[in-house]
Amino acid sequence: MQKRTLLAAMALSPLLGACGFRLRGVPNFVFRSIYIQAGRGAPVGRDLTRNLEASSDKLTVLKDPASPDQAEVICQIISEQLQRIIVGSNVAGQVREIELRLLVTFSLRTPGGDELIAPVEIRQIRNVTYNETNANSKAAEEVMLTNDMRKDIVQQIIRRLAAVKSLEAS
């Protein structure tokens with residue numbers, strides 16, 4: 001049985017390459033230095049800085065707020081909003097379902113002011129069931145989902161930064 005499964009997997013593996021499937025790999029950036037301009041203590045800005053530092057040896061993340069113009073590009077986290085919206089309740093008015101939304105707006109520009117990526121909003125939405133008897137565990141679940149949404153948004157920003165092909169505004 002295992003031999004048949006192994007042979008089937010080996011026979012199908014070349015088809016994955018034929019369909020265009022490949023691992024994401026390390027991002028390649030056109031720029032060699034970047035400054036992340038975010039509000040003090042902004043979680044997305046902090047996570048983006050960490051991920052960019054770890055993503056490539058060829059990329060330098062500048063941290064000195066007095067001289068952001070020394071970087072080739074400036075990534076500005078314009079806004080970061082976490083919303084908690086009640087979407088479902090029972091007949092007694094008790095909350096049964098909550099929607100968590102994380103909205104992040106960012107842009108990429110050169111120190112000269114040329115926009116490489118115009119301000120764009122990235123959204124992540126998660127639904128959470130709620131029960132008053134398990135309030136502590138539901139609060140922990142919300143924190144975990146918020147961190148997960150933040151990681152997803154940071155990865156999307158990194159992919160969009162890697163998609164920039166030229167340091168000249170188009």
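Residues numbered from 1 in each chain as written. Predicted model: local features only at pLDDT ≥ 70, side-chain atom pairs only at ≥ 80, totals over all residues. Heavy atoms only, no water.

Draft legend 1. Region of interest: the environment of S79. Within the element layout of this structure, S79 appears in strand 3 (residues 73-89). For the pair formed by S79 and A42, sequence separation is 37 residues and the distance between their alpha carbons is 9.2 Å. Discounting chain neighbours no more than four positions away, the residues touching S79 are L103, V104 and T105. (Helix = DSSP H or I, 4+ residues; strand = E, 2+ residues; numbered from the N terminus. Contact = heavy atoms within 4.5 Å.)

Draft legend 2. Representation of the packing of aromatic side chains. Tallying each qualifying case throughout the model produces one aromatic pair. Sitting over the face of the ring of Y130, R84 holds its NZ or CZ atom 6.0 Å from the ring centroid. (Phe/Tyr/Trp six-rings, centres within 6.5 Å; stacked < 30°, edge-to-face > 60°. Lys NZ or Arg CZ within 6 Å of the ring centre and 35° of its normal.)

Draft legend 3. Fine view of the packing of helix 2 (residues 43-55) against helix 3 (residues 135-162). Contact geometry of helix 2 with helix 3 gives a least axis separation of 10 Å together with a crossing angle of 55°. Taken together, the axes of helix 2 and helix 3 are oblique relative to one another. The chirality of how helix 2 crosses helix 3 is right-handed. Across from P43, V44, D47, L48, N51 and L52 in helix 2, the residues of helix 3 making contact are R150, V154, Q155, I157, I158 and L161. Considering only residue class, the contact of helix 2 with helix 3 consists of eight nonpolar, two polar and two charged. (Axes fitted to C-alpha atoms, helices over the stretch in contact; angles between N-to-C directions. Parallel < 35°, antiparallel > 145°, perpendicular 65-115°, else oblique. Left-handed = near helix turned anticlockwise from the far one by under 90°. Nonpolar A, V, L, I, M, F, W, Y, C, P; charged D, E, K, R; others polar.)

Draft legend 4. Summary view of the side chain of T110. Structurally, T110 is set in the loop between strand 4 (95-109) and strand 5 (115-129). Assessed through its relative accessible area of 9%, T110 is described here as buried. For T110, the contacting residues outside a window of four places in its chain are E72, V73, L116 and L167. (Buried < 20%, exposed > 50% of the residue type's maximum accessible area, 1.4 Å probe, protein only.)

Draft legend 5. Expanded view of the pattern of salt bridges. Under the definition given, this model contains 11 salt bridges. Here E80 makes a salt bridge to R150, at a shortest N to O gap of 3.8 Å. Taken together, the positions of E80 in strand 3 and R150 in helix 3 put the pair 70 residues apart, joining distant regions of the chain. By relative accessible area, E80 is classed as partly exposed at 25%. Where R101 meets E99, a salt bridge forms, and the shortest distance between an N and an O atom there is 2.6 Å. A relative accessible area of 14% means that E99 is categorised as buried. If you follow the salt bridges from partner to partner, you end up with R46, D47 and R50 in one network. (Salt bridge = Lys/Arg side-chain N within 4 Å of Asp/Glu carboxyl O.)

Draft legend 6. The sheet that holds strand 4, seen in detail. A sheet is described by the order of its strands in space; here five strands give the open sequence 2-1-3-4-5, paired in mixed fashion. Each edge of the sheet is formed by a strand with only one pairing partner; in this case those strands are strand 2 (60-62) and strand 5. Here the strands of the sheet are splayed against their neighbours by 25° on average, with no regard to which way each runs. Along the sheet face, helix 2 touches strand 1 (33-37), strand 2, strand 3 and strand 4 and points at about 125° away from the line of strand 3. Sheet strands touched by helix 3: strand 1, strand 3, strand 4 and strand 5. Its angle to strand 5, the strand with the most contacts, is close to 155°. (Pairing = 2+ DSSP bridges.)

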